[in-house]
Amino acid sequence: MAREPPPDAFVKSLRDRVVQMEQEMAQTAEATARNTASIETIRQNTQDIVDTFQALAGGFKVLQGLGKVARPLAYLVGLGTAIITAYSAWRGIR
């Protein structure tokens, strides 16, 4: 028993479906590439924001350390001013 070849219309419809699937796959690959590029851009922007906040946190630690040093330093400057004022009054320098 010999098998009959499929009709030309059936073969053409199969070929058209394969061509359509190939086009859809190409569109999907292109969309995936665009999405990947967008995700990479978002990742980079997010990393820049994180780096900025980490730098600010380091700056705030420095300012906090300066604040801890500033109070005793102000006391010493006040003491020095008081000593100079007392000495000037004692010596009579106006």
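Higher on the page you've got the structure.
Residues numbered from 1 in each chain as written. Predicted model: local features only at pLDDT ≥ 70, side-chain atom pairs only at ≥ 80, totals over all residues. Heavy atoms only, no water.

Colleague: Describe the overall build of the chain, with residues and values.
Modeller: Counting secondary structure elements, the chain contains one helix and zero strands. Taking 12 Å as the expected radius of gyration for a compact globule of 94 residues, we find that the chain reaches 40 Å, considerably beyond that expectation. Of the accessible surface of the chain, which amounts to about 8900 Å², a share of 65% is contributed by carbon and sulfur atoms. Positive and negative side-chain charges in the chain, numbering 11 and 9 respectively, have mean positions lying 29 Å apart. (Helix = DSSP H or I, 4+ residues; strand = E, 2+ residues; numbered from the N terminus. Rg over C-alpha atoms; globule rule 2.2 N^0.38 Å. Areas by Shrake-Rupley, 256 points an atom, 1.4 Å probe, with all protein chains shown as cover. Lys, Arg positive; Asp, Glu negative; His and termini not counted. Charge placed at Lys NZ, Arg CZ, Asp CG, Glu CD.)

Colleague: Hey, could you go over a nonpolar patch on the surface for me, with residue numbers and the actual values?
Modeller: The grouping of Ile 49, Phe 53, Leu 56, Phe 60, Val 62, Leu 63 and Leu 66 at the surface amounts to a nonpolar patch, some 750 Å² of accessible area in total. Since its relative accessible area comes to 52%, Leu 66 is described here as exposed. (Patch = residues over 30% accessible without salt bridge, like charges linked within 9 Å, V, L, I, M, F, W, Y side chains within 5 Å. Salt bridge = Lys/Arg side-chain N within 4 Å of Asp/Glu carboxyl O. Buried < 20%, exposed > 50% of the residue type's maximum accessible area, 1.4 Å probe, protein only.)

Colleague: Outline the environment of Ala 82, listing residues and values.
Modeller: Residue placement: Ala 82 occurs in helix 1 (residues 8-91). The partly exposed category is assigned to Ala 82, whose relative accessible area is 43%. Linking Ala 82 and Ala 37, residues 45 residues apart in sequence, is a C-alpha distance of 66 Å.

Colleague: I'd like to hear about the packing of aromatic side chains, residue by residue, with values.
Modeller: A full pass over the atoms with the stated rule returns one aromatic pair. On the numbers, 6.2 Å between centres and 45° between planes, the contact of Tyr 87 with Trp 90 is tilted. One end of the pair, Tyr 87, and the other, Trp 90, are both in helix 1, three residues apart, so they sit about a helical turn from each other. Among the residues examined, Trp 90 registers a relative accessible area of 69% and is labelled exposed. (Phe/Tyr/Trp six-rings, centres within 6.5 Å; stacked < 30°, edge-to-face > 60°.)

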